Amino acid sequence: MAWLQKARIHNLLLALISIPVRWLVKANNIPTDIQKELGIDITKPILYLLRTQSVTDQIALNMSAEALGLPKSSSRILIAGEWQQACLFLQEPKSVLTRKVKVTNIAEQFAHMFELHRRDPELDIQIVPVSIFWGRAPGKTSSGWSDVLANQVSPSWLRKFFIVLFLGRDNFVCYSKAVSSRAMADLPGSDAELAHKLIRLAGTHFHRRRQGMTGPNLLERYELYNAVLGSQSVRSAITDEMKSNNISSKQAKLKAQKYINEIAADYREGLIRLGTRILTRIWHKIYNGIEVNHADKVRALAQNGHEIIYVPCHRSHMDYLLLTYVIYHEGLVTPHIAAGINLNFWPIGGVLRKGGAFFLRRSFAGNKLYTAVFREYLELLFNKGYSVKYYPEGGRSRTGRLLPPKTGMLAMTLQGLIKGINRPVSIVPVYIGYEHVMEVSSYLQELTGSAKKKESIFHIFSAIRRLKNYGYGFLNFGEPINLANYLDKSVPDWRELQQAEPDKKPQWLTPVVNELATNVMERINQAAAVSGMSLCAICLLSAKKHAMTEDELILAIEHFLSLLAQSPYSEVASYPSISAQKLLSNTLKLNKFEVREDSFGRIISLKDKNAVPLTYYRNNILHLFALPGLISAIVFAHSGITQAHIRHLLSKLYPLLQRELFIYMSLEQALAYSESLISNMLDMGLLSTDGDCISPPDPSSKAYYSVWLLNRSIQETLHRYAVVLTLLYREHTLSRTALEQKSRQFAQRLSSLHGINSPEFFDKNVLATFISALKENQLVESDSEGQLLHSDLSEALRLEVIALISPDIAQRIQQI
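(A) Seen up close, the packing of aromatic side chains. Tallied over the entire structure, the rule returns 23 aromatic pairs. Arranged with centres 6.0 Å apart and planes meeting at 45 degrees, the rings of F358 and F374 form a pair that is tilted. Taken together, the residues F358 in strand β12 (residues 357–360) and F374 in helix α16 (residues 368–384) connect sequence positions 16 residues apart. Residue classification places F374 among the buried residues on the basis of a relative accessible area of 0%. Over the aromatic face of F172 sits the side chain of R136, whose NZ or CZ is 5.0 Å from the ring centroid. Above the face of the Y729 ring, R798 is positioned so that its terminal group lies 4.1 Å from the ring centre.

Below you can see the structure in the form of structure tokens.
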């Protein structure tokens, strides 16, 4: 056949230029594990499908296939006794002189393939669409010289020469799920009809894949001004500004334009490419690796045309860089990032702005024009299809726990949705964790009363100078929330209500936003990553004098990991896959622990200066061990307790833990999970049973110390509960403010007397959350003036909590 002759010429050309091209090209594979994520079976025949018949594209595919252990695209496969090329193409490259795109003879090839399938009923081939990208530049409204590199849909050979020359190191080979040729051949229709149907599907797929990689066209500045200043809400705010400040229309518009310039991003893809190269070097220097999980969930959303809003937890300024870097290398559009105005300082502000950051003030209160401009800008990003990233906590966590969420950005997101965003909108919670957070020391200074230092370029240089081995970084994408579906469940008639009163703020908005904010935080914690540092921290901080023998620590880590393996906290949480001994060895290299050796073996303890900082890493995963810890505390306090009694106590305490630690499980799910935990703890020897009675293991058993550590891990939380409940018991009537203040004062005193090192033990946010949980669960009452009242329920809870804590601390608390 003629097309076979053409294929031989193509392969000859491929062989001739592959050597020089390989020097210029670095292929990045997306995804990196195609067998696991895409289900491609390398033992079955694979037929690659590319958009453009390009020699350089095929060389990049060959390089990628070789790295992944796949057959090369330049090879041949045997189909029903006939040798066929392993790679097909939809289009030929454009001519140098014209912009016309020619199709290949792929329709004939597919039709012939389907004819072979009819001859052989057992024949089945995996047709794998592969998209090849050189750089990630989005389109532009206006044209320029950069279009030589940016416009890459079936480029001519001359344009491709420059693309490979300048963007060869930024090559992405993106595989998609295989299409079964047998499934296609079994569809009704002639061979030619099936061939054309497959070609149409492939064309649509390649278009969506490009949209998912590069995103929408860049907004020119004049388009931005016209869209924001021309909106009804901003025009109305400008009119109000003129009246309230007695200024002219021109002055008010200039003020609005100034706000746009202060807020808006100025995205430059070239800066992102340069930044990823620099960051790759930095990550290799300071991290042993970055572990990323569940990116396939986000890629599926992008492939289906969703507007994606990333809502990560906020541990460090490093989050801005790490998440954008990961998103870029996972083959997704880099998002526009909401950043605090405190980061808009020279020269960092300009760099961040060109990296996609848009800036917002800490408070919008009283400034209607600024509020209107910001809201319209955010809605413009949504409507144009830009992915967005913002931090629901509103700032970095100083304790390692999730902060109570700020709801402003979520409210604006929902308002944009109900006004009419013409595509599905999904929120993607993201958990970010580190084995070392470079700001921890400054966090501790702030928690002890020092003023927060203003960000500056000197702090950046100082941080860079101190870069060292920071262990591993972790980034887990959580379960997405489709906002339209969420609203359908929460407010089934929201569309009708919005149409009836389109200009009014819906009455249901605030409670739904509050519920959504809590759901987002729970899904962030649902996707937690357990690290060697966090496991060592939770064990050593629970140990007396913060010291353990090496064998004890290894055994405790083994028990904790085995418990999580047998009773996983969630499907999206991640746990170390290496042995406890190897995990400890890696963690000790971070030099945060003191190791002493005597004739009996090694003793591992916390350095005095590191005891408080390590509470940060413990708090990252405390919610995973809250229920095992509470079960252990109950069993130690009530040896010989029945499982029914354990369930009763859990049902009283869990709602308070859930609110404080943002645990995603409902009460029913938590009780079912607790039954699984108890069963596995019995199997592992962490608990013992005598008939229906459950007790701690024998003190001589190896498992005793591990379950005692679990009990200790929850004690500080129970101490804090006891302080608040006892104060309310002593005073009977207190204002919320007074209860928070007195609780904090006594918690600080207790911390000093008993050596409790955790800054969050007397943190005002944690105490306020607990008091809110008491009210929400109707464990305290309030009078007409808002005073909190002691009740029979709060007294019953106090007695049950007091019974779970150590007698010395219980006695001191009761002396309040």
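(B) Expanded view of the sheet that holds strand β17 (residues 547–549). Taken in spatial order, the three strands of this open sheet run β17-β19-β18, and their pairing is antiparallel. Each edge of the sheet is formed by a strand with only one pairing partner; in this case those strands are β17 and β18 (593–598). Here the strands of the sheet are splayed against their neighbours by 25 degrees on average, with no regard to which way each runs. Bridge count between β18 and strand β19 (residues 601–606): six bridges; the pairing is antiparallel. Residue pairing across strands places E597 opposite R602, the latter belonging to β19.

(C) Seen up close, the environment of V530. Of note, V530 is situated in the loop between α22 (509–526) and α23 (532–542). When its relative accessible area of 3% is taken as the criterion, V530 is described as buried. Beyond its immediate sequence surroundings of up to four residues, V530 is in contact with F474, L535, L564, S574, Y575, P576, I621 and L624.

(D) Region of the structure containing the nonpolar core. In terms of nonpolar packing, the biggest core is built from 198 residues, with Y310, F358 and F477 touching the most fellow members. When residues in this core are grouped by element, the largest group, ten residues, is from α16. Counting 28 residues, the second largest nonpolar core, distinct from the first, contains I46, M63, I132 and V164.

(E) How the structure looks around helix α25 (residues 580–588). Turning to α25, its buried residues number three or more, namely A580, L583, L584, N586, T587 and L588. Its buried side turned inward, α25 meets α23, α24 (550–566), β18 and β19.

What counts and how
Residues numbered from 1 in each chain as written. Predicted model: local features only at pLDDT ≥ 70, side-chain atom pairs only at ≥ 80, totals over all residues. Heavy atoms only, no water. Phe/Tyr/Trp six-rings, centres within 6.5 Å; stacked < 30°, edge-to-face > 60°. Helix = DSSP H or I, 4+ residues; strand = E, 2+ residues; numbered from the N terminus. Buried < 20%, exposed > 50% of the residue type's maximum accessible area, 1.4 Å probe, protein only. Lys NZ or Arg CZ within 6 Å of the ring centre and 35° of its normal. Pairing = 2+ DSSP bridges. Axes fitted to C-alpha atoms, helices over the stretch in contact; angles between N-to-C directions. Contact = heavy atoms within 4.5 Å. Core = buried A, V, L, I, M, F, W, Y, C linked by side-chain atoms within 4.5 Å.

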